[in-house]
Amino acid sequence: MEFGRSRGENMLDLLLILVFCVLGVLVGIVTGLLPGLHVNNVALILLSTSSSIVAICSPLFSYGISAQFVLILIAGFMISVSISHSFHDTIPTTFIGAPEEETALSVLPAHGMLLRGEGYKAVALAALGSYGAILVCYAFLLPLRFVMGPPVSLYTLIRESMLWVLIAVVILMIATEKTRIVDLGNHGMLPSILGILFAAFVFLLSGLFGLLVFDFHLSSPVGLPAPVLFPALAGLFGMPTLLNSLFTKPAIPEQTIQPLIQNRIEKKSSAVSVLTGSLAGIFVSLIPGLTTATGTILAMTVRQKSSQEQTIVTLAAVNTAATFSVTLMLFIILRARSGVTIAVSELIPIEPWSGLMMPVTLTYLLMFLLLSGVLSYFLTLYLGRLFAKKFGKIPYQSLVVFTLVFVCVLIVLFTGLLGLVVLFAATSIGFLPICWGVRRSHCMGVLLIPIILYFL
Amino acid sequence: MKFKYLSILIAVGSLIGLYGLSLISQPPQISLSQLPAYNGQQVLVQGIVTEYRTTASGSQLITIKDRENDTCSAVLYVAGSVAVEYGDVVQAVGEVQKYNEQWELSVSNPQSVTLVEKWTNTSFPLWQLAEHPGKYLNTNVNITGVVAQKQTSSFLLRDTAGSYSLDVSYDASDGSDFSNNDVVAVAGRFIYDAHLLRYLLEVTAPTHGIWAITR
């Protein structure tokens, strides 16, 4: 009897995990499909609503489920949202915001494929990269535990030389800027040097902006927490792309929809992309202030020559590996490096993974990671196909306008009118890379410069 | 002008605008005695930590008192926790409110509490403590003086002129090496011992200690 009952309870536990995971994936689809909503912003929103999520789930307590398990379910829900978001946001980044090819200074790889009628293939490649990253991260679970934690304790070494790691990354980021600026003439090294100088300019400007706004005291008119990062990141990264796509109306050809078939060389190449991307994703999850965009630059520098296709695979792998790895690092180096993990660490007590056996909480969260990864993979392919098919019929401009208004409303609700001022300033800086064709990741100066100054 | 040149101007301009705004929007810095006049507003205050504890819900209550006027104190109600010690000078931004007849500052972000001066970094001679005991009561202090009447777990700290002396109680087991007539720096908490109606310097916490300067 005892055995039967406990098996019944285990079944209930599994069922609940499944339900919360599916819910998380569904929410992640919504946030992922909304263009311009970065996963960091989603995390901030989740973080500030986590107490209400706990309140909504309170009826579960009366069904004999321990409070701790309910909190784990909620943490798992948030992780599923972030994983699902990291899969699905490739759909709007592919289908929305493409510039006109002749006038654009730089075309993102996914937009390039869209303009060739291969939008679905771009989504499929991204889904492949994300899914591959999850598998790579799983394979690296134990090695990461022993390399980052004791006995090798590589993280301690990194922590001691954090300042130099950060400075090296910044130099790499700026020096590898390949955009040529020909405004002052087009001979010799001048255009390339100007490109690098402009990249440094954007980086410094974002850094000044960061130093300024972190001293700002925003307050929410409705009593919500007012994270200054929300308008800052939305302005630097989200708004400019959206506004840009409002002003340009590219002619997008009919999309071909074929299942992704790769020959042997392409398969091998994809495997290398997934591996380098995943390692870069794991690296950025260790260092404060680095985002996946920086991780992509690192991975691409390692990979050197690369096609648009492989860039997409790498980018997706970095994104998902970082999302996966921050959860893992929460238990190994005990640092919360993303909004989602901050929320998780506030919900549940984090037992460090110090022995051979991993903490039970982590095993549960890994179940969420794997399950949401598999679900998101198939859903991304399905939705990508749907988008590619119905692309002509989607009221594209209204969707973009809706998102712009939605983000602004959220910002006013969370950070008041002053938040809108911060958003405006951030957007004006975020426009620079788009107008001049340099990489947008230079805007990460907003976090990197304050962090470097902190370590100095 | 092309939009791309204009974009640089707009970006730089908006940053300057933001800077101007940050100058205006900085909450006013007030002394603790002015708190009642700012009820419900965001302000910036400074003070010395005399008491701190963490509540069951994980918030931290830090009592600070004015650096100039030691009868004036306020509680910082911090959502989260901040590493502080008795005697640290801290600065905090928060909303003024009254709770149980005591003025307090509700600090929603622990990062709004910043350390201005660590207590260990300021050491001063005994006479300064003797002339303003109220200013330092219940805080950690770092006092220099001469050892006299050393016993197993207490001694008398005298100033070099011999006009003031203070009882010091310490834990003999942690191996402090000093003897009578040494000039020492004593880091401890300055408290009032109600049983014996006297002031006392207690050397108990891990950050406390006694170090011989000259023998």
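Because the structure is a prediction, the values reported are computed rather than measured.

## Structural notes on the overall build of chain B
At step 1: Helices and strands together make up the secondary structure of chain B, namely three helices and 13 strands.
At step 2: For chain B, the proportion of its 215 residues judged to be buried stands at 41%.
At step 3: For chain B, the proportion of contacts with a sequence separation of at least 24, taken over those separated by at least 6, is 55%.
At step 4: Carbon and sulfur atoms form 51% of the exposed surface of chain B, whose accessible area is close to 11200 Å².

## Side note on a positive patch on the surface
Residue and element names in this part refer to chain A.
At step 1: There is a patch of like positive charges on the surface, built from Arg385, Lys389, Lys390 and Lys393.
At step 2: In this fold, Lys389 is placed in helix H16 (residues 360-390).
At step 3: For Lys389, a relative accessible area of 58% translates into the label exposed.

## Some thoughts on the interface of chain B and chain A
For interface size, the figure often reported is the accessible area lost on association.
At step 1: Taken together, the 17 residues of chain B in the interface contact 22 residues of chain A.
At step 2: A buried area of about 1700 Å², summed over both sides, lies between chain B and chain A, and 79% of it is on carbon and sulfur atoms.
At step 3: Contact with chain A buries surface across chain B, with B:Lys4, B:Leu15 and B:Leu18 losing the most and accounting together for 33% of the total.
At step 4: At the junction of chain B with chain A, the criterion picks out one salt bridge.
At step 5: Of the charged contacts, one joins A:Asp183 and B:Lys4 as a salt bridge, the two residues approaching to 3.3 Å between their closest N and O atoms.
At step 6: Viewed at the interface, chain A and chain B are joined by four residue pairs in polar contact (both at pLDDT 80 or more).

## Here we look at helix H7 (residues 141-148) of chain A
Residue and element names in this part refer to chain A.
At step 1: Listing the buried residues of H7 in full gives Leu141, Leu144, Arg145 and Met148. End-on view of H7: buried residues confined to an arc of 100°, all on one side of the axis.
At step 2: In this structure, the buried side of H7 is in contact with helix H6 (119-139), helix H8 (154-160), helix H12 (264-286), helix H14 (308-332) and H16.

## Looking at the pairing of strand E2 (residues 60-65) of chain B
All names here are of chain B.
At step 1: Burial runs high along E2: six of the six residues are buried.
At step 2: Here E2 shows two buried faces, one formed by Gln60, Ile62 and Ile64 and the other by Leu61, Thr63 and Lys65.
At step 3: Strand direction decides the pairing type here: strand E1 (residues 42-54) and E2, joined by six bridges, are antiparallel. Residue pairing in the sheet places Arg53 in a bridge with Leu61 of E2.
At step 4: A loop of five residues connects E1 with E2, the two strands running antiparallel in sequence, and Gly58 in this loop sits at a positive phi of about 90°.
At step 5: One ladder, built from six bridges, connects E2 with strand E3 (residues 73-78); its direction is antiparallel. Within the sheet, the bridge partner assigned to Leu61 lies in E3 and is Tyr77.

## A closer look at the packing of helix H10 (residues 190-213) of chain A against helix H1 (residues 3-25) of chain B
At step 1: Taken N-terminus to C-terminus, the directions of H10(A) and H1(B) make an angle of 20°; their axes are 10 Å apart at the nearest point. Comparing their axes, H1(B) and H10(A) come out roughly parallel. Pair H10(A) / H1(B) crosses with left-handed handedness. Side by side, H10(A) and H1(B) meet where A:Phe198, A:Phe201, A:Leu205, A:Leu208, A:Phe209, A:Leu212 and A:Val213 of the first sit next to B:Ile8, B:Ala11, B:Val12, B:Leu15, B:Leu18, B:Tyr19 and B:Ser22 of the second.
At step 2: Tallied by class, the residues present in the contact of H10(A) with H1(B) amount to 13 nonpolar, one polar and no charged.

## Thoughts on the pattern of salt bridges
At step 1: Counting across every chain of the model gives seven salt bridges over all chains.
At step 2: The partner of A:Arg116 in a salt bridge is A:Glu118, and the shortest N-O contact between them spans 3.3 Å.
At step 3: The salt bridge involving A:Lys121 is made with A:Glu309; its shortest N-O contact spans 3.8 Å. One end of the pair, A:Lys121, is in helix H6; the other, A:Glu309, is in helix H14, with 188 residues separating them in the sequence.
At step 4: Residue classification places A:Lys121 among the partly exposed residues on the basis of a relative accessible area of 27%.
At step 5: Here the salt bridges do not stand alone but share partners, grouping B:Glu85, B:Asp88 and B:Lys118 into one network.

Rules of the game
- Each chain has its residues counted from 1, following the order in which its sequence is written.
- Labels are handed out in written order, letters beginning with A for the chains and numbers beginning with 1 for the ligands.
- In view of the model being predicted, local features appear only for residues whose pLDDT reaches at least 70, and side-chain atom pairs are presented and counted only at 80 or more, with totals across whole chains, interfaces and linings using the full set of residues.
- Note that the side-chain values use all heavy atoms of the structure and ignore hydrogens as well as water.
- Only DSSP runs of H or I with at least four residues qualify as helices, and only runs of E with at least two residues qualify as strands; both kinds are numbered from the N terminus onward.
- Type-normalised accessible area, obtained with a 1.4 Å probe on protein chains alone, sets the label of each residue: buried when under 20%, exposed when over 50%, and partly exposed for intermediate values.
- When checking whether two residues touch, look at their non-hydrogen atoms; a contact exists if any pair is within 4.5 Å.
- The method behind every accessible area is Shrake-Rupley, applied with a 1.4 Å probe, and residues are considered shielded solely by the protein chains displayed.
- Exposure above 30% relative accessible area and the lack of any salt bridge qualify a residue for a patch; like charges then connect within 9 Å, and the nonpolar side chains Val, Leu, Ile, Met, Phe, Trp and Tyr within 5 Å.
- What counts as a salt bridge is simple: a side-chain nitrogen of Lys or Arg found within 4 Å of a carboxyl oxygen of Asp or Glu.
- His is not counted, nor are the chain ends, whereas Lys and Arg count as positive and Asp and Glu as negative.
- Note on charges: their place is set at NZ of Lys, CZ of Arg, CG of Asp or CD of Glu.
- Summed over both partners, buried area is the accessible surface (1.4 Å probe) that two parts give up on being assembled.
- Distance and chemistry together define a polar contact, namely a pair of N or O atoms within 3.5 Å, with one atom able to donate a hydrogen and the other to accept it when in protein, and with adjacent residues in sequence counting only for side-chain atoms on both sides.
- Read the arc as the range of directions from the helix axis to the C-beta atoms.
- By definition, two strands form a pair when at least two bridges between them are found by DSSP.
- Inter-axis angles, ranging from 0 to 180 degrees, are taken between N-to-C directions of lines fitted to C-alpha atoms, where helices are fitted over the stretch in contact.
- Angle categories are assigned with fixed cut-offs, so that under 35 degrees is roughly parallel, over 145 is roughly antiparallel, 65 to 115 is roughly perpendicular, and the rest are oblique.
- A clockwise turn of the near helix away from the far one marks a right-handed crossing, whereas an anticlockwise turn of less than a right angle marks a left-handed crossing.
- Throughout, the ten residues Ala, Val, Leu, Ile, Met, Phe, Trp, Tyr, Cys and Pro are labelled nonpolar, Asp, Glu, Lys and Arg are labelled charged, and all others, Gly among them, are labelled polar.

The values are spatial; any link to function lies outside them.
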